[in-house]
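Observations on the three-dimensional arrangement
What follows is each chain in one-letter form.
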Amino acid sequence: MSGAEQVVEHAEAPAAPEEDRGPLARGRRAVLVVVGGAALMAVGALVATRLVKSPAQVAAETGPPAQGVLTADVERRVLARTVVMRGTVVADQSVAVSPQGVRSGEGAGTAMVTKLPLQAGDPVTAGRLVAEVSGRPVFVLHGAQPMYRDLRPGATGDDVAQLQLALRELGHGSGGDAKGVFGAGTKAALAARYRAIGYEPLPAVADGGAALKAAREAVRSATWAVEDASSPTGAGGAPTETEAGKGGAGPGPGAAASPGSASGSGAAAPAGRELARARQALVEARAALAAAEAADGPMLPTAEAVFLSSFPARVSSVGARAGSPVSGPVLTLSGGELVVEAYLKDDKRQLLRAGMAVVISSELSGTDVRGTVAAVATERSAAQPAGPGPQEDPGQDPGRNPKGGGNGGAAGGGADLGYRMVVRADRPLPVGFAGQDVRLTVESAATDGEALVVPVTAVSAGADGRTVVTAVSAEGTQRRVEVRTGTSGDGFVAVTPTRAGALGAGTKVVIGVAPQETRGKTG
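Before going into details, it helps to say that this report is about the structure given with it. Throughout, residues of each chain are indexed from 1 in the direction in which the sequence is written. At least 70 in pLDDT is required for a residue's local features to be given in this predicted model, at least 80 for side-chain atom pairs to be given and counted, and no such filter applies to totals for whole chains, interfaces and linings, which use all residues. Neither water nor hydrogens contribute to the side-chain values; these are computed over all heavy atoms in the structure.

1. Quick notes on the overall build of the protein chain
Note on conventions: DSSP H or I runs of at least 4 residues are helices, E runs of at least 2 residues are strands, and numbering of each starts at the N terminus. The number of helices and strands found in the protein chain is 10 helices and 20 strands. Using a 1.4 Å probe on the protein chains alone, a residue whose accessible area is under 20% of its type maximum counts as buried, one over 50% counts as exposed, and one in between counts as partly exposed. Looking at the protein chain residue by residue over its 523 residues, the buried ones come to 35%. Residue contacts follow a heavy-atom distance rule, with two residues in contact if any of their heavy atoms lie within 4.5 Å. Restricting to contacts in the protein chain with at least 6 residues of sequence separation, those with at least 24 account for 73%. For the protein chain, the accessible area works out to roughly 29300 Å², and carbon and sulfur atoms hold 56% of it. With residues, only the protein chains shown are counted as cover, and all accessible areas are computed by Shrake-Rupley using a 1.4 Å probe.

Put into structure tokens, the structure is as follows:
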């Protein structure tokens, strides 16, 4: 074989298998694996140094940050101190009608409800029949003073004057009766009112007219006695034998001159006395008759009339039914404008008084109405045993019932409610407000016009006793401004700088401190 052929054969010889290369190749692979693992470990260590921190480093980074200040603007406005509470919209006058002691004129017995012509919510006008108890009517009249006694002919007083005015408003004039005197004209007017509602009034003297009849008989007898005593035979008749015999034992000096005059004088004296006595008896009989006639006639029992201060009124509730005995309020009437009633505890009672401005807020309708505190009671009120707002006694605290009326009973004992406050709206509340629970915001104090106002936290007192606020300029510099404080409310206080112009609206004042973000955190 030539040399060229040997070279070709050598070049075309197949490569030896990889496993035949020896341990050198395997060593290279091992080195590469080790190097790669080391690189991965180095990267992991680098990441760990970023995520894992020592306790000291954590404590350093979470320490308290630097403190900044919170500021607020000084405002110029009217500042009012407010007291917020809840109240209930009720009628200005609420009267529980409880006609106890009704007399039917046919003997006493248990009072029974015999007719209830109205239902809850029905309107009520003056003169209207609202109930019938034991066959006797109960009707309403216009007036602020409650019935506290039976009104009879001959009575006098303000309650009689109120009755006369109420009857006149219904078209029944009292004639020539003087104001406040229950005379013949008032009797006729009252009888006309009863007939208008279909009833006859009860007589003031329940004797069937016996007293009046006896007085008239006495006048007639006295008149006859005067006539008898005034007749010629009784007063100036001829002398009797006895009188004649008295004149003649013997003629005396002057006896013959006037025998008839002596006899006539003796007979005239007894006759004159008899006539005078008869006339006196007639005068007395006529006076007794006048008194009997004045006392006779219709009366207005306490249980048959309810006075309401204003109309139209309405039936708030009905507490009985026809055929049931009267054991409490038969029905409750509400009259007059709607007002808000609230009860105060001792702390609020000291802050509020009549005349303060109020905002009445209805959450149901979303309506706000301005009003005024009309009255604040000076005595505590107790819950009523039944029925909303029965009539109070005439001499009660006006804060508890500003406009009493009707013939309900006095308040009964119950849970202590506090001091009653009444709020009147500046304009009439809508009828739909009746019975609503509303929010009352009372302005218990206010600045006299606009004033500089700051949050209460902006004011501080120094060791020297001066009251100051800390003003902050646009550049962040702070200065202390001495002020005098005034009205406070709702977290604000009115201030006046002791030096004019030292503080104005828009000036920022410090109200506290706030944390700022830390700068230069370690990385």
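Picking up after the structure, the text goes on.
2. Let's talk about the pattern of salt bridges
One side-chain nitrogen of Lys or Arg within 4 Å of one carboxyl oxygen of Asp or Glu is enough to make a salt bridge. Across all of its chains, the model carries 16 salt bridges by this definition. Two residues, glutamate 363 and arginine 86, come together in a salt bridge whose shortest N-O distance is 2.9 Å. With glutamate 363 in the loop between β11 (357-362) and β12 (367-382) and arginine 86 in strand β3 (residues 80-97), this pair connects stretches of sequence that are 277 residues apart. The exposure class assigned to glutamate 363 is partly exposed, which follows from its relative accessible area of 43%. Residue glutamate 217 pairs with arginine 220 through a salt bridge whose shortest N-O separation is 2.3 Å.

3. Here we look at the pairing of strand β17 (residues 467-472)
Burial runs high along β17: 5 of the 6 residues are buried. Strand pairing is defined by DSSP finding a minimum of two bridges between the two strands. Bridge count between strand β16 (residues 460-461) and β17: 2 bridges; the pairing is antiparallel. Counterpart to serine 460 in the pairing with β17 is valine 468. Taking the residues between adjacent antiparallel strands as the criterion, β16 and β17 are bridged by 5 residues, where glycine 465 takes a positive phi near 85°.

4. Quick word on the environment of valine 453
Its place among the elements puts valine 453 in strand β15 (residues 451-455). The class of valine 453 is buried, set by a relative accessible area of 0%. Placed 52 residues apart in sequence, valine 453 and alanine 505 show a C-alpha to C-alpha distance of 8.4 Å. Residues within four places of valine 453 in sequence aside, it is in contact with Asp73, Val74, Glu75, Arg77, Leu79, Phe492, Val493 and Ala494.

5. Digging into the packing of aromatic side chains
Two aromatic rings from Phe, Tyr or Trp, using only the six-membered ring of Trp, form a pair when their centres are within 6.5 Å; if the ring planes differ by under 30 degrees the pair is stacked, by over 60 it is edge-to-face, and anything between is tilted. Tallied over the full model, the rule gives 1 aromatic pair. The interplanar angle of 85° and the centroid separation of 5.4 Å between the aromatic rings of phenylalanine 139 and tyrosine 194 together place this pair among those described as edge-to-face. Of the two residues, phenylalanine 139 is situated in strand β7 (residues 136-142) and tyrosine 194 in helix α5 (residues 184-196); the sequence distance between them amounts to 55 residues. Owing to a relative accessible area of 0%, phenylalanine 139 belongs among the buried residues under this scheme. Geometrically, a charge over a ring is one whose NZ (Lys) or CZ (Arg) sits within 6 Å of the ring centre while staying within 35 degrees of the ring normal. Its end group placed over the ring of phenylalanine 492, arginine 77 keeps NZ or CZ at 4.9 Å from the ring centre. A cation over a ring is seen here: arginine 349 above tyrosine 419, with NZ or CZ 5.6 Å from the ring centre.

6. Some details on the nonpolar core
Grouped together as the largest cluster of nonpolar side chains are 23 residues, with contacts concentrated most on Met85, Met421 and Leu440. For this core, the secondary structure elements donating two or more residues are β3, β10 (331-344), β11, β12, β13 (416-425) and β14 (437-446). Non-local contacts of methionine 421, meaning those with residues more than four positions away in its chain, are made with Met85, Val340, Glu341, Ala342, Leu344, Leu352, Val373, Ala375, Val376 and Leu440. We define a nonpolar core as any set of buried Ala, Val, Leu, Ile, Met, Phe, Trp, Tyr and Cys residues linked to one another through side-chain atoms lying within 4.5 Å.

7. Examining α5
For α5, spanning 13 residues, the distance from its first C-alpha to its last is 19 Å, which sits close to the expected 18 Å at 1.5 Å a residue. Every buried residue of α5 is listed here: Gly185, Thr186, Lys187, Ala189, Leu190, Ala191, Arg193 and Tyr194. Immediately downstream of α5, the backbone of glycine 198 shows phi near 90°, a positive value. To estimate the expected span of a helix, count its residues, drop one, and scale the result by 1.5 Å.

8. Examining the pairing of strand β6 (residues 129-133)
Note on strand geometry: in a regular strand, side chains alternate between the two faces of the sheet. Within β6, 5 of the 5 residues are buried, leaving the element largely enclosed by the surrounding structure. Direction of pairing for strand β4 (residues 113-115) relative to β6: antiparallel, over a ladder of 2 bridges. Pairing of lysine 115 across the sheet is with glutamate 132, part of β6. One ladder, built from 4 bridges, connects β6 with β7; its direction is antiparallel. Note on β7: the bridge partner recorded for alanine 131 is valine 138. With antiparallel pairing between neighbouring strands as the criterion, β6 and β7 make up a hairpin whose turn holds 2 residues, including serine 134 at a positive phi of roughly 55°.

9. Some details on the sheet that holds strand β8 (residues 305-308)
Reading across from one edge, β4-β6-β7-β8 is the order of the 4 strands in this open sheet, with mixed pairing throughout. For this open sheet the edge positions go to β4 and β8, each flanked by a neighbour on one side alone. Sheet twist, expressed as the mean angle between neighbouring strand axes with direction ignored, is 30°. Inter-axis angles, ranging from 0 to 180 degrees, are taken between N-to-C directions of lines fitted to C-alpha atoms, where helices are fitted over the stretch in contact. Across the face of the sheet, helix α4 (residues 158-169) comes into contact with β7 and β8 while running at roughly 90° to β7.

10. Here we look at the side chain of glutamine 436
Here glutamine 436 lies in the loop between β13 and β14. Those residues in contact with glutamine 436 that sit more than four places away from it in its chain are Gly87, Thr88, Val89, Ser362 and Leu364.

11. Examining the environment of alanine 295
Tracing the sequence through the fold places alanine 295 in helix α9 (residues 259-295). Judged by its relative accessible area of 30%, alanine 295 falls in the partly exposed class. Beyond its immediate chain neighbours, meaning those up to four positions away, alanine 295 contacts Pro153, Ala204 and Val205.

12. Some points on unusual backbone geometry
Phi is positive for serine 134, close to 55°, though the residue is something other than glycine. Of note, serine 134 is situated in the loop between β6 and β7. Judged by relative accessible area, which is 23%, serine 134 ranks as partly exposed. You will see that aspartate 490, though not glycine, has its phi angle at about 55°, which is positive. The topology assignment puts aspartate 490 in the loop between β18 (478-489) and β19 (492-497).

13. Focus on α4
Between the first and last C-alpha of α4 there are 17 Å, a value that for 12 residues agrees with the 16 Å anticipated at 1.5 Å per step. Along α4, the residues classified as buried are Asp159, Val160, Ala161, Gln162, Leu163, Gln164, Ala166 and Leu167. Positioned one or two residues after α4, glycine 171 has a phi angle of 95°, which is positive.

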